[in-house]
Amino acid sequence: MSAEQAGVRHFLTDLDLAPEELQQVLRLAEFVKQDPYALRPLRGPQTAAVFFDKTSTRTRFSFAAGITALGGAPLVVNPGEAQLGHKESIADTARVLDRMVSLIIWRTYAQTGLEEMAEFSGVPVINALSDDYHPCQLLADLLTVQEHLGATAGRSMAYLGDAANNMANSYLLAGVNAGMDVRIAGPAGYLPAQEIVDAARERAQQTGGRVTVTTDPAEALRDADVVATDTWISMGQEEEKEHRLQLFGDYRVDAAAMRQASDSAIVLHCLPAYRGVEIAAEVIDGPQSVVWDEAENRLHAQKALMIWLLTESGLADESTAAQVGSILGDRES
């Protein structure tokens, strides 16, 4: 079975969901957060393969717990435990797995590997993080914004720090997809690639979102409803630590930065956080921080995503499909 034959939906980048589809996933996430075991499309249990090329805490626990709550069995595969990508091609692995599992979830390095997996897979493939994007994290972030601010559309979100990484890319793309005014701030040479900015601006034309990319943190922070950051030193960048600490110093989310944002602004951080580096302890542990809600929402958002992908791919049972249709209302209208 090929993806083309099956009409399978994948989630490899933040823009793989159209704006209205993103809202459907967020509505499902609200539902499963309130009623965690009502939807069980993986009952059987069906197996979901979860590959980890990179270490993880929130991704590992949220997917394992979420798959189990949906009635399935997570098969977690750590580096060196499978032949994926070295002794066996990604394409051949996909051809084998889609006869055995109902979902493929992969936390990896190169985005091209995910694209190849999806090309040859007859079941949904989910990007659990790549060097280019972290779209599952942004589903959780948008759910958190919606919970605390009532809606995403029309809200402004400032991201400060390393603006050339996967988190900055996903904040930009997912934020405008949700109709937000997204401001990305980082030093020269550490800003999103032009192709990411162009894609965000194109999507913003559909949603009413806005895109600002700047080297001025004050421009990004001005009256922002949401302030987000990420570690300045990602996996594989440890040798650059001292240089990065100096380079990003003006982009720290501290009390001074928060005074430039809206008085009611909320603070996001995908974690792990390094207090006193990219974010001050008084901010992440303070009253404006919603990072623990954000971390929990990885579970609910990813459950909703898996339910939606299985349903849209025609791989969910009739009962689940009917429940999803009822929750989302007249999707065909």
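Only a predicted model underlies this, so the values are computations on that prediction, with no experimental measurement involved.

Parameters and conventions
Residues numbered from 1 in each chain as written. Predicted model: local features only at pLDDT ≥ 70, side-chain atom pairs only at ≥ 80, totals over all residues. Heavy atoms only, no water. Core = buried A, V, L, I, M, F, W, Y, C linked by side-chain atoms within 4.5 Å. Buried < 20%, exposed > 50% of the residue type's maximum accessible area, 1.4 Å probe, protein only. Contact = heavy atoms within 4.5 Å. Patch = residues over 30% accessible without salt bridge, like charges linked within 9 Å, V, L, I, M, F, W, Y side chains within 5 Å. Areas by Shrake-Rupley, 256 points an atom, 1.4 Å probe, with all protein chains shown as cover. Salt bridge = Lys/Arg side-chain N within 4 Å of Asp/Glu carboxyl O. Lys, Arg positive; Asp, Glu negative; His and termini not counted. Charge placed at Lys NZ, Arg CZ, Asp CG, Glu CD. Helix = DSSP H or I, 4+ residues; strand = E, 2+ residues; numbered from the N terminus. Pairing = 2+ DSSP bridges. Axes fitted to C-alpha atoms, helices over the stretch in contact; angles between N-to-C directions. Expected span 1.5 Å × (residues − 1). Arc of directions from axis to C-beta. Disulfide = S-S within 2.5 Å.

Draft legend 1. Here's a closer look at the nonpolar core. In terms of nonpolar packing, the biggest core is built from 65 residues, with Ile105, Ile126 and Tyr171 touching the most fellow members. Those residues in contact with Tyr171, other than ones at most four positions away along the chain, are Leu138, Asp141, Met157, Tyr159, Val182, Ile184, Ala228, Leu268 and Glu294. Judged by nonpolar contacts, the second largest core, of 21 residues, contains Ala220, Ala273, Ile279 and Ile284.

Draft legend 2. Up close: a negative patch on the surface. A cluster of acidic residues, Glu115, Asp132, Glu195, Asp198 and Glu202, forms a negative patch at the surface. As for its placement among the helices and strands, Glu115 is situated in helix 5 (residues 111-120). Judged by its relative accessible area of 40%, Glu115 falls in the partly exposed class.

Draft legend 3. Highlighting the sheet that holds strand 7 (residues 210-214). Strand order in this open sheet of 5 strands is 7-6-5-8-9, and the pairing throughout is parallel. Because the sheet does not close on itself, it has two edges, and the strands there are strand 7 and strand 9 (266-269). Going from strand to strand, the sheet's axes swing by 15 degrees on average, the running direction of each strand aside. Helix-sheet contacts for helix 7 (residues 166-177) involve strand 5 (156-160), strand 6 (181-185), strand 7, strand 8 (226-229) and strand 9, and the interaxial angle to strand 6 is about 165 degrees.

Draft legend 4. Region of the structure containing the environment of Ile105. Along the chain, Ile105 turns up in strand 3 (residues 103-107). Judged by its relative accessible area of 0%, Ile105 falls in the buried class. Once the C-alpha coordinates of Ile105 and Asn127 are considered, the two residues, 22 residues apart in sequence, prove to be 6.3 Å apart. Contact partners of Ile105, with chain neighbours within four places excluded, come to Ala48, Ala49, Val50, Phe51, Phe63, Ile67, Ile126, Ala128 and Met306.

Draft legend 5. Highlighting helix 8 (residues 194-207). The end-to-end C-alpha separation of helix 8 is 20 Å, in line with the 20 Å expected for 14 residues at 1.5 Å each. Along helix 8, the residues that are buried comprise Ile196, Val197, Ala200, Arg203 and Ala204. With its buried residues spanning 130 degrees around the axis, helix 8 presents them on a single face. Those residues of helix 8 that are exposed and angled more than 90 degrees off the buried face are Glu195, Glu202, Gln205 and Gln206. Next to the buried residues of helix 8 lie helix 2 (19-34), helix 7 and strand 7. Remark: Gly208 follows helix 8 within two positions and exhibits a positive phi of approximately 85 degrees.

Draft legend 6. Inspection of the state of the cysteines at higher detail. In total, this model carries 0 disulfides according to the counting rule given. The closest cysteine sulfur to the non-disulfide-bonded Cys136 is located on Cys270, 13 Å from its own sulfur.

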